[in-house]
Amino acid sequence: SDEAGAASTTRPLGASGLKTSKIGIGTLQWGDESCGFNSAYRATDLEEAFRCGVENGVRFWDTAEVYGYKQHKFLQSSECLLGDYCKDLDIGVREDLTIGSKVFTIPWTNMLVGGSPRLGKDALVSALKASVERVGAPLDLWSIHFPFPTFKQSVLMDALKEAMDLELTRAVGVSNYNKAQLEEAHALCAASGVPLASNQVKYSLMDRKAEKEGLLKRANELDVAIVAYSPLESGKLTSNGAAKDPNNKKLLEILKLLEFVGVVNGGKSISQVALNFVVEKGMIPIPAAKNADQAKEHAGAMGWALDANEMALIEEKLEYLGL
């Protein structure tokens, strides 16, 4: 039934065979002192965010080798922290999680994270081995962080295949690929018998480029999950959003509508409505969380669904505002 579908908090991760949660959490700021790590928030806050998220059904956790990379040497980068927190989980709980990391394709990435210059497939696979070491276990999802001109798509996809062959990850994906790039990547993976699980791109109510350019529709046809980063538009689509951009008339109108829709759905928050909209569009949003309250609020965007009328109401408002 529709109700059972709405109440479910899980979904497939593309054609990978993995099941994950309808909402994930992004860890871009974990370990990053320029974002406030060790001052505005600490490792203990992040651990509480992780525990609370997991307890409330968040299975998908997104990281990358460059998130908080300056803390690699102190074992406090995003990958290290996430790996640490996973170690304390019951094995059954851990097996249900999707820990996804991403590899940077810029040749001089080694200047940031060590290793050899990123030239060719082997450098990417050895970067994955370093990620696996930091996380402390094979990954559930390993993705190319973005396409970069020094790499042919075929080389990038060969790296994904080798990662699967070496059992360093359970699934592979891409990130920041447009429609044409996704089609090429999918065809190359299909030819080598590897399902391309996901494509992580920016999407929010205020930035629907991925949808307007036909990427979302094409990904659905290819059975590639779209993971949406910045789904709350850097905190603008939250109850504090108006304070972040007080002169943005369009934002204020959207916030008013989201607040109304939240009230009629039994007191859901603005951010929960904004995230649920992305879920109902068929994507996996990955908002950031730096404490337990944020993680719990994000998780509360699952287990219910905006109905067709509410989706249409929000879309009409966005069209009217030219968004």
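Heads up: the structure comes first, above all this text.
Residues numbered from 1 in each chain as written. Predicted model: local features only at pLDDT ≥ 70, side-chain atom pairs only at ≥ 80, totals over all residues. Heavy atoms only, no water.

Undergrad: Help me out: how do you make sense of the pairing of strand S6 (residues 141–144) in this one?
TA: Two faces, one strand: in a regular strand the side chains alternate between the faces of the sheet. The alternating pattern of S6 places Leu 141 and Ser 143 on one face and Trp 142 and Ile 144 on the opposite face, and all of these are buried. Sheet analysis places strand S5 (residues 98–103) next to S6, joined by four bridges and oriented parallel. Paired with Val 103 across the strands is Ile 144, a residue of S6. Relative to strand S7 (residues 172–175), S6 runs parallel, the two sharing three bridges. Each residue of the ladder has a partner; that of Ser 143, found in S7, is Gly 173. This β-α-β element, S6 to helix H7 (residues 153–165) to S7, shows right-handed connectivity. (Buried < 20%, exposed > 50% of the residue type's maximum accessible area, 1.4 Å probe, protein only. Helix = DSSP H or I, 4+ residues; strand = E, 2+ residues; numbered from the N terminus. Pairing = 2+ DSSP bridges. Right-handed = clockwise from strand over helix to strand, strands pointing away.)

Undergrad: Explain the pattern of salt bridges here, please?
TA: Once the charged atoms of two side chains with opposite charge are near each other, the side chains can pair. Under the defined criterion, the tally for this structure stands at 21 salt bridges. A salt bridge links Lys 236 to Asp 245; the shortest N-O distance between them is 3.5 Å. Sharing partners across several salt bridges, the network here consists of Arg 208, Glu 211, Lys 281, Glu 315 and Glu 319. (Salt bridge = Lys/Arg side-chain N within 4 Å of Asp/Glu carboxyl O.)

Undergrad: What am I meant to see in the nonpolar core here?
TA: Nonpolar side chains in soluble globular proteins tend to be buried together. Core analysis: the largest hydrophobic core is formed by 85 residues, its most contacted members being Phe 50, Trp 61 and Leu 237. Here this core takes seven residues from helix H13 (residues 270–280), the largest share from any one element. Aside from chain neighbours lying at most four places away, what touches Trp 61 is Ile 25, Thr 27, Trp 30, Ala 49, Phe 50, Gly 53, Val 54, Leu 82, Leu 97, Thr 98, Ile 99 and Gly 100. Core analysis: the second largest hydrophobic core is formed by 10 residues, Phe 60, Ala 197, Ile 284 and Ile 286 among them. (Core = buried A, V, L, I, M, F, W, Y, C linked by side-chain atoms within 4.5 Å. Contact = heavy atoms within 4.5 Å.)

Undergrad: Please clarify how the packing of aromatic side chains should be interpreted in this entry.
TA: When we look at a pair of aromatic rings, we describe it by the centre distance and by the angle of the planes. Scanning the model with the defined rule gives seven aromatic pairs in all. Between Trp 30 and Trp 61 the ring centres are 6.2 Å apart and the planes differ by 50°, which places this aromatic pair in the tilted class. Linking Trp 30 in the loop between strand S3 (24–26) and helix H2 (43–55) with Trp 61 in strand S4 (residues 60–62), this pair joins segments that are 31 residues apart in sequence. Residue class for Trp 30 comes out buried when judged on its relative accessible area of 0%. Taken together, the ring pairs connect Trp 30, Phe 50, Trp 61 and Tyr 85 into an aromatic cluster. It is Lys 268 that lies over the ring of Trp 304; its NZ or CZ is 5.2 Å from the centre. (Phe/Tyr/Trp six-rings, centres within 6.5 Å; stacked < 30°, edge-to-face > 60°. Lys NZ or Arg CZ within 6 Å of the ring centre and 35° of its normal.)

Undergrad: Please explain helix H6 (residues 121–135) as it appears in this structure.
TA: Three or four residues apart is the spacing at which side chains of an α-helix point the same way, because the helix has 3.6 residues per turn. Between its first and last C-alpha, H6 extends 21 Å over 15 residues, near the 21 Å set by a 1.5 Å rise per residue. Taken as a whole, H6 has its buried residues at Ala 123, Leu 124, Val 125, Ala 127, Leu 128, Ser 131, Val 132, Arg 134 and Val 135. Residues of H6 that are buried make contact with helix H3 (78–87), S5, S6 and H7. Looking one or two places after H6, you find Gly 136, whose phi comes out positive at around 85°. (Expected span 1.5 Å × (residues − 1).)

Undergrad: I would appreciate a short explanation of helix H8 (residues 179–191) in the present structure.
TA: Helix length check: H8 (13 residues) gives 18 Å between terminal C-alpha atoms against 18 Å at 1.5 Å per residue, within 8%. Of the residues making up H8, those classed as buried are Leu 182, Ala 185 and Cys 189. Projected onto a plane normal to the axis of H8, the buried residues spread over an arc of 70° and lie on a single side. H8 presents Ala 180 and Ala 191 as exposed residues on the side facing more than 90 degrees away from its buried surface. Along its buried surface, H8 packs onto H7, S7, strand S8 (196–202) and helix H10 (215–222). The distance from a side-chain oxygen at the start of H8 to the backbone nitrogen of Ala 180 is 3.2 Å, and the residue carrying that oxygen is Asn 178. Positive phi appears at Gly 193, one or two residues downstream of H8, with a value of about 80°. (Arc of directions from axis to C-beta. Polar contact = N/O pair within 3.5 Å; in protein donor to acceptor, adjacent residues only side chain to side chain.)

Undergrad: Looking at this model, I keep getting lost on the sheet that holds S8. Mind explaining?
TA: One key point about sheets: their strands pair by backbone hydrogen bonds, in either a parallel or an antiparallel sense. Taken in spatial order, the eight strands make up an open sheet running S3-S4-S5-S6-S7-S8-S9-S10, and their pairing is parallel. Looking along the sheet, the strands with just one partner apiece sit at the ends: S3 and strand S10 (284–285). As paired strands, S4 and S5 are joined by three bridges and run parallel to one another. Bridge assignment links Phe 60 to a residue of S5, and that residue is Thr 98.

All quantities given are derived from atomic positions and should not be read as evidence of function.
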